[in-house]
Amino acid sequence: MTVKTVAANCRFCGYQCGLSVTVTDGRVTGVRPDPERFPHDAAIMRRCKRWPNAPAILDHPDRVNYPLKRTGGRGSGEWSRITWDQALDEIAARLAALKDKHGPETLATSIGGPHTTYWPLHRFMTLFGSPNNMGIGQICWNPGVWVNTLTYGWHIDMELDPHMTNCAILWGVNPADSDNSLFWETVKLYRAEGKPLIVVDPRRTATAEAATLWLPVRPGADPWLALGLLHVVVRDKLYDEYFVANHCHGFDRLAEHVRLYPPSHVAGLTGLPAADIEKAARLYAAEAPSTLYTGRGLDQLGPNSIPVHHAIAALRAITGNLDYPGASHISEMPDFTPEADLELSAALPPSMRDKQLNKGKLLLQNYAAFERVRDLTMKRGGRLPLRYLTSAHPNLVWQAMLTGDPYPVRALIVMASNPLLTQADSRLIHRALHSLDLIVALELFPTSTAMLADYILPIAGVLEKPVLETKAGTANIAYGGDAAVRPYYERRPDYDFWKGLGERLGQSGQWPWADFREATAASLKPADISWEDFCAQGIYAHPSNYLKYSEIDSDTGRERGFATVSGRVELYSEVFAELGAAPLPAPQTQAPLTADFPLLLMTGARYHPYYASSHRRLPALRALHPDPWAEMDAATADRFGLAEGDAVWVETERGRARFVTKITPMNPDAVSVEYGWWYPEKPAREPGLGDMWTSNANVLTSGDYATADKLVGTWTYNGIPCRLLRAGM
Ligand SMILES: Nc1nc2c(c(=O)[nH]1)N[C@H]1C(S)=C(S)[C@@H](COP(=O)(O)OP(=O)(O)OC[C@H]3O[C@@H](n4cnc5c(=O)[nH]c(N)nc54)[C@H](O)[C@@H]3O)O[C@H]1N2
Ligand SMILES: Nc1nc2c(c(=O)[nH]1)N[C@H]1C(S)=C(S)[C@@H](COP(=O)(O)OP(=O)(O)OC[C@H]3O[C@@H](n4cnc5c(=O)[nH]c(N)nc54)[C@H](O)[C@@H]3O)O[C@H]1N2
Ligand code: SF4
Ligand SMILES: [Mo]
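None of the values given here were measured: they were computed from a predicted structure.

Calculation notes
Residues numbered from 1 in each chain as written. Chains lettered and ligands numbered in written order. Predicted model: local features only at pLDDT ≥ 70, side-chain atom pairs only at ≥ 80, totals over all residues. Heavy atoms only, no water. Axes fitted to C-alpha atoms, helices over the stretch in contact; angles between N-to-C directions. Helix = DSSP H or I, 4+ residues; strand = E, 2+ residues; numbered from the N terminus. Parallel < 35°, antiparallel > 145°, perpendicular 65-115°, else oblique. Left-handed = near helix turned anticlockwise from the far one by under 90°. Contact = heavy atoms within 4.5 Å. Nonpolar A, V, L, I, M, F, W, Y, C, P; charged D, E, K, R; others polar. Salt bridge = Lys/Arg side-chain N within 4 Å of Asp/Glu carboxyl O. Buried < 20%, exposed > 50% of the residue type's maximum accessible area, 1.4 Å probe, protein only. Near = heavy atom within 4 Å. Polar contact = N/O pair within 3.5 Å; in protein donor to acceptor, adjacent residues only side chain to side chain. Areas by Shrake-Rupley, 256 points an atom, 1.4 Å probe, with all protein chains shown as cover. Phe/Tyr/Trp six-rings, centres within 6.5 Å; stacked < 30°, edge-to-face > 60°. Lys NZ or Arg CZ within 6 Å of the ring centre and 35° of its normal. Pairing = 2+ DSSP bridges. 1 Å grid on protein atoms, 1.4 Å probe; cavity = no way out; pocket = protein on both sides within 12 Å on 5 of 7 lines; lining within 4 Å. Points joined across faces, edges and corners; volume = space filled by probe spheres on them.

Undergrad: Just to check I follow, could you spell out the packing of helix H20 (residues 394-403) against helix H22 (residues 426-434) for this structure?
TA: The relative placement of two packed helices comes down to the angle between their axes together with the axis-to-axis distance. Two elements in contact, H20 and H22, have axes separated by 8 Å at closest approach and are oriented at 45°. Relative to H22, the element H20 is oriented oblique. Crossing angle aside, the handedness with which H20 passes H22 is left-handed. Along its contact with H20, which presents Asn395, Trp398, Gln399, Met401 and Leu402, the element H22 presents Leu428, Ile429, Arg431, Ala432 and Leu433. For the contact of H20 with H22, the per-class residue count stands at seven nonpolar, two polar and one charged.

So, in structure tokens, the structure goes:
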């Protein structure tokens, strides 16, 4: 018997805490927190219920251990075990035939949250010639990245320093439950110093509990609140006059614009007292350095996501809270190989770019606009990852599958995602999946989506493969480490699938690294750090540089400014103007509440121990949180004759789903449901696919392209008209 202790990382959430793993004869027999490696915090590890389950997840009886091929009808749950070679040969042959018939655009892929490394998928798709990757970017990450890049010339790290920062706003973000990480610990340290914390969230979350000022905004009314804050800052001259005069573009036009949004007016739209809006503006502007964090609450507001991000970007800038210690930091290009290069983004032929479904439909999330923006970011050497920021609008892809318009999309490879539970409009997706010629799922477990596949490939998960988190190459920080064990059974890292498939489809010279570890190690080389040193520390980071815009450019002898059209922070966006979109933040009027649908639904509340649709199959975790919650204020529950613990149907125009009532102080117009709920212990086949129709929040949502934002394609997960109906037990 050989027993060793190895350093590795958890990845049951995007945070990747350091673990010390006991390995006995190649099997994980124990895990504990590793205080020596980044990231570590004892309090986090005490609270987190996921990592102790690593051995149970590695050995779970439901894990997919061998390649599976469907033998019965789609969704029949009948599978036979095959070899990796057979699976890859057959999938390659079927894709080659579909490509011959319909062109490479006939293949789509689906990606999800931060569970794995996505660049091998993007690399394969570029080389195969398909622009049709779809994912969750439009409602997670992209709105903020696009807007910050257009406003500041690059993305920002939202920094919070317990000692330097004097005021913090957390807006539409709930780190107490979503990101049980050093960030939340930092918030607590910051609060322990007695400094102000403003939380903007319709729901009194655990994060809001820690606030000195809680603003329970009406769901979706955030852009009006942001404009109200700008109004106060401009009216009372609370802005940084020097920064505005020297580094901002369009201040006068913004000032004129925000005159329309006095707190007295905004109060009615947001459901907030005018005095609180005044107070928040003064705290943020006067207590600098101040920081302002945003989260999914704001990325999921449909057409109002872009205006709210733009207004907030302007608020940071005019108050001088940009690229300054303790405030928001403009991040820097990595020293290591960025994702933009690993995904080979430049190699997609122009003819295939033209096939992109967003073309002519979305103003910003398309190749032409990306190139316009890349020319700007390149002024300071920045290259954003192309494939996330041009990813196809999922609704256009699902529709193309169903209708063949504008061309047939006949195959789908699903990687580290479960679209039937996590993308909008589960019924549409269900129909689209059933219509396809070929579905391949790269998975750890038979998810509802994987149950509909033709092939399921067994993927190596946490502790079975190296991890490297790089913020998609938008910042000069990487963290992670090595695998603890070789993959069990016939599981393999995702990389092996893409390399194996690519090599069968004529991409041989393009996959020079033997395996994922070699590829990962090679990507760090330019940063002059060996894989071994990196793994020992768990992190590669460069000290942050601040005030970069005021550095003197040796060529011109002038300040370097910002990588935007005007060289300044674009309060007035020249690129939005070029694209025919509103150059100043312009909220879109929300649909009025009606007698039929008198409430506004937020879908997507996150609670430990789950992560999206994952982890419900572990009885130890399920016992900690057995029911899917619909949260509402006591007044709202009274109005609908509901009490804590009552079963309730939540109904929207799209459908109904069943939850359990939970009373939480909230904006009285709001209801909030969890997402990702299914019952994996139920039969893993049609009908039901693990009982995915009963409590699935995405039965209630719509991803329709026609009602989504016109720039990026963001659809609405928050602020959906809904009603409540008491359900029988
Ligand atoms: N209504 C509503 N819908 C939402 C949201 C919301 O707030 N409201 N949030 C959205 C957001 S922000 C996100 S990011 C998405 C998340 O959506 P998804 O990413 O689809 O999340 P999961 O359901 O956890 O699916 C991840 C799957 O990946 C598998 N997996 C884990 N590790 C690996 C790996 O290394 N390789 C492979 N191949 N598979 C792996 C897991 O078994 C799991 O089935 O959901 C979105 N959907
Ligand atoms: N336990 C757990 N942790 C997770 C995940 C998970 O599924 N489970 N998912 C992971 C993923 S993929 C992501 S992207 C991150 C997201 O992490 P966060 O960005 O922190 O997202 P949420 O936890 O959804 O918090 C968003 C908050 O916005 C609020 N909100 C909803 N609608 C509105 C609105 O209209 N206006 C405002 N101001 N607020 C609103 C919600 O009440 C919620 O508290 O979490 C990650 N961590
Ligand atoms: S689940 Fe997330 S917070 Fe918990 S140990 Fe793993 S990486 Fe850390
Ligand atoms: Mo996400």
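Next comes the rest of the account.
Undergrad: Could you clarify how one ought to interpret the pattern of salt bridges in this entry?
TA: A side chain of one charge can pair with a side chain of the opposite charge if their charged atoms are brought near each other. Inspection of every chain in the model, using the stated rule, returns 42 salt bridges. One salt bridge in this structure joins Glu551 and Arg560, with 3.0 Å as the shortest N-O distance. Among the residues examined, Glu551 registers a relative accessible area of 32% and is labelled partly exposed. Judged by relative accessible area, Arg560 falls into the partly exposed class, the value being 34%. In this structure, a network of salt bridges that share partners links the residues Arg235, Asp236, Glu278 and Arg282.

Undergrad: Can you walk me through the site of ligand 2 in this structure?
TA: Taken together, 31 residues surround ligand 2, and among them Ser178, Asp201, Gly220, Asp222 and Ala612 come closest. Measuring from a nitrogen atom of ligand 2, one finds a side-chain N or O atom of Arg50 at 3.0 Å. In the model, a nitrogen atom of ligand 2 is placed 3.3 Å from a nitrogen or oxygen of the Val200 main chain. In isolation ligand 2 has 920 Å² of accessible area, and contact with the protein removes 93% of it.

Undergrad: Would you mind showing me how to read the packing of aromatic side chains here?
TA: To describe a pair of aromatic rings, you give the distance between the ring centres and the angle between the ring planes. According to the stated counting rule, one finds 22 aromatic pairs in the structure shown. On the basis of an interplanar angle of 80° and a centroid distance of 6.3 Å, the ring pair of Phe243 and Phe562 is categorised as edge-to-face. Placement of the pair is Phe243 in helix H10 (residues 241-247) and Phe562 in the loop between strand E20 (539-541) and strand E21 (569-570), with a sequence separation of 319 residues. Relative accessible area serves as the criterion here: at 4%, Phe562 is assigned to the buried category. A ring pair is formed by Tyr495 and Trp511, whose centres lie 5.7 Å apart and whose planes are at 70°; its orientation type is edge-to-face. Highlighted residues: Tyr495 in helix H23 (residues 494-504) and Trp511 in the loop between H23 and helix H24 (516-524), separated in sequence by 16 residues. A connected cluster of aromatic rings, assembled from ring pairs, spans Trp119, Tyr495, Trp511, Trp513 and Phe516. Positioned over the ring face of Tyr66 is Arg81, at 3.5 Å from the centre of the ring.

Undergrad: What exactly am I supposed to notice about the pairing of strand E15 (residues 411-415) here?
TA: Successive side chains on a regular strand alternate, one facing one side of the sheet and the next facing the other. Of all five residues in E15, five are buried; the element is thus mostly enclosed. In the sheet, strand E6 (residues 107-110) pairs with E15 via four bridges, with the strands oriented parallel. Bridge pairing in E15 links Thr109 to Ile413. Direction of pairing for E15 relative to strand E16 (residues 438-443): parallel, over a ladder of five bridges. The partner of Ala411 across the bridge, within E16, is Leu438.

Undergrad: Is there a simple way to think about empty space enclosed by the protein in this case?
TA: According to the stated counting rule, one finds four cavities of 30 Å³ or more in the structure shown. Roughly 50 Å³ of volume is contained in the second largest cavity. Lining of the second largest cavity is provided by Pro394, Asn395, Trp398, Gln423, Ala424, Gly703 and Trp715. Considering only residue class, the lining of the second largest cavity consists of four nonpolar, three polar and no charged.

Undergrad: Any chance you could explain the packing of helix H9 (residues 222-235) against helix H15 (residues 305-318) here in plain terms?
TA: Running from N to C, H9 and H15 point in directions that differ by 25°, and their axes come no closer than 8 Å. Relative to H15, the element H9 lies roughly parallel. Where H9 crosses over H15, the handedness of that crossing is left-handed. Side by side, H9 and H15 meet where Asp222, Pro223, Ala226, Leu229, Leu230, Val233 and Val234 of the first sit next to Pro307, Val308, Ala311, Ile312, Ala314, Leu315 and Ile318 of the second. Split into classes, the residues belonging to the contact of H9 with H15 amount to 13 nonpolar, no polar and one charged.

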